[in-house]
Amino acid sequence: MKVVLFCGGLGTRIREYSESIPKPMVPVGQHPMLWHVMQYYSQYGHRDFVLCLGYKANAIKEYFLNSDRWAHSDCVVSNFGRKVEVIGEQPPDWQVALVDTGIWRNIGQRLMAVRPLVENEDIFLANYSDGLTDAPLPEIIERFKRSKMVGCFVAVHPPFNFHLAEFNGGDAVKRLRSSQQSEIWINGGYFIFRKEIFDYIREGEELVLEPFNRLIEAGKLMAYKYEGFWRAMDTLRDRQVLEEMIERGEMPWKVVTEARTQAAS
């Protein structure tokens, strides 16, 4: 399936990096965040990407047009660099459409801008490209296929913890509990759409506000509740957490070979 990635935001909450590069290009380990998101889809066989560019679009174009695909691979170099043989896992073979959708467009209008590239797909995937998960993508897709829904998103618990206060009438507190014990779910930014999604989006609208409410009214929106690993990179602290995980060799978003083999079969 084609995968639409929204890469045009300003990334104001991680401004220390996003003033010089777009948020999806912020490095996490040896690769930009965008690479990790694309690798997640690629390992399940989805390697046809449509990137909706905006803020500092040239930085992302240059990454794909000029990047050295051997830079992060073990390799044998001979003939004074004219012959390169990769050792072990090969660099990913991706088809990437780089579409400048403008600086100030919101997510809904970015999706509308690339409509000609996906409107012939019965089902396509989409992502904010700033969060990582180990959610079982083949299972989510299969559940969506069996439904008659037009849209689906992965719902997750907030990654931070806070205390919820419940009141009994006036000012008296009835109960205090952790947010992790609650039924609070948020949009995790991993989407699946049928091509009919474009019938629900109007000019200027954000994706998850008016269009999703129309889907709800029509009974065409579902969520896949997932309680496993999910982490967005909204702040420098979020990036630090992901960096520390990579340093420890903990990358749950990178599915093991056996799982990839089963998904491909």
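Let us look at the structure shown here. (Residues numbered from 1 in each chain as written. Predicted model: local features only at pLDDT ≥ 70, side-chain atom pairs only at ≥ 80, totals over all residues. Heavy atoms only, no water.)

### A few points about the overall build of the protein
At step 1: When helices and strands are counted, the protein shows nine helices and 15 strands.
At step 2: The 265 residues of the protein split such that 44% are buried.
At step 3: For the protein, restricting intrachain contacts to residue pairs at least 6 apart in sequence, the fraction spanning at least 24 positions comes to 74%.
At step 4: Approximately 14300 Å² of the protein is accessible, and the part contributed by carbon and sulfur atoms is 48%. (Helix = DSSP H or I, 4+ residues; strand = E, 2+ residues; numbered from the N terminus. Buried < 20%, exposed > 50% of the residue type's maximum accessible area, 1.4 Å probe, protein only. Contact = heavy atoms within 4.5 Å. Areas by Shrake-Rupley, 256 points an atom, 1.4 Å probe, with all protein chains shown as cover.)

### Section: the packing of aromatic side chains
At step 1: Within this structure, the stated rule accounts for 15 aromatic pairs.
At step 2: Centre to centre, the rings of Y40 and Y190 are 5.5 Å apart; their planes meet at 85 degrees, and the pair counts as edge-to-face. Here Y40 is found in helix 2 (residues 33–42), whereas its partner Y190 is found in strand 13 (residues 186–194), with 150 residues between them in sequence. This pair shows no difference in class: Y40 is buried, exactly as Y190 is.
At step 3: Between the aromatic rings of F153 and F212, the centroid separation amounts to 6.3 Å while the plane-to-plane angle is 20 degrees, which identifies the pairing as stacked. On the criterion of sequence distance, the pair formed by F153 in strand 10 (residues 151–156) and F212 in helix 7 (residues 210–217) is long-range, its members being 59 residues apart. With respect to class, F153 is no different from F212; both count as buried.
At step 4: A network of ring pairs unites the aromatic residues F124, Y128, F153, F191, F193, F198 and F212 as a single cluster.
At step 5: The aromatic ring of F144 is capped on one face by R194, whose charged end is 4.7 Å from the ring centroid. (Phe/Tyr/Trp six-rings, centres within 6.5 Å; stacked < 30°, edge-to-face > 60°. Lys NZ or Arg CZ within 6 Å of the ring centre and 35° of its normal.)

### Things to note about the pattern of salt bridges
At step 1: Summed over the entire model, instances satisfying the criterion amount to ten salt bridges.
At step 2: The partner of K23 in a salt bridge is D234, and the shortest N-O contact between them spans 3.1 Å. Highlighted residues: K23 in the loop between helix 1 (15–18) and strand 2 (27–28) and D234 in the loop between strand 15 (230–232) and helix 8 (236–247), separated in sequence by 211 residues.
At step 3: You can call K23 buried: its relative accessible area is 13%.
At step 4: Where D122 meets K195, a salt bridge forms, and the shortest distance between an N and an O atom there is 3.7 Å. Here the residue D122 occupies a position in the loop between helix 5 (115–118) and strand 8 (123–127), and K195 occupies one in the loop between strand 13 and helix 7, the gap between them amounting to 73 residues. (Salt bridge = Lys/Arg side-chain N within 4 Å of Asp/Glu carboxyl O.)

### A few points about the environment of P211
At step 1: Topologically, P211 is positioned in helix 7.
At step 2: Measuring from C-alpha to C-alpha, the distance between P211 and Y200 comes to 5.1 Å, with eleven residues separating the pair along the chain.
At step 3: When sequence neighbours within four positions are dropped, the list of residues in contact with P211 reads Y200, I201, E205 and E206.

### Brief notes about the nonpolar core
At step 1: L5, L34, Y41, F49, L51, I192 and L242 are the most contacted members of the largest nonpolar core, which totals 46 residues.
At step 2: What L5 contacts, discounting residues up to four positions off in sequence, is L34, V37, M38, Y41, F49, V50, L51, C52, N127 and S129.
At step 3: Formed by 24 residues, the second largest nonpolar core is a distinct cluster that contains L111, F124, W185 and F198. (Core = buried A, V, L, I, M, F, W, Y, C linked by side-chain atoms within 4.5 Å.)

### Some remarks on the side chain of Q109
At step 1: Counting through the fold element by element, Q109 comes out in helix 4 (residues 107–113).
At step 2: A distance of 3.3 Å separates a polar side-chain atom of Q109 from the backbone nitrogen of G204.
At step 3: Apart from residues lying up to four places away in sequence, Q109 is in contact with I201, R202, E203, G204 and E205. (Polar contact = N/O pair within 3.5 Å; in protein donor to acceptor, adjacent residues only side chain to side chain.)

### So, helix 2
At step 1: Across the ten residues that make up helix 2, a large majority, ten, are buried.
At step 2: The complete set of buried residues in helix 2 reads M33, L34, W35, H36, V37, M38, Q39, Y40, Y41 and S42.

### Describing unusual backbone geometry
At step 1: The residue K56 is not glycine, and still its phi comes out positive at about 50 degrees.
At step 2: Looking at the element boundaries, K56 is found in the loop between strand 4 (48–53) and helix 3 (57–66).
At step 3: Residue classification places K56 among the partly exposed residues on the basis of a relative accessible area of 32%.
At step 4: Of note in this structure, S129 is not a glycine but carries a positive phi near 60 degrees.
At step 5: Here S129 lies in the loop between strand 8 and strand 9 (131–133).

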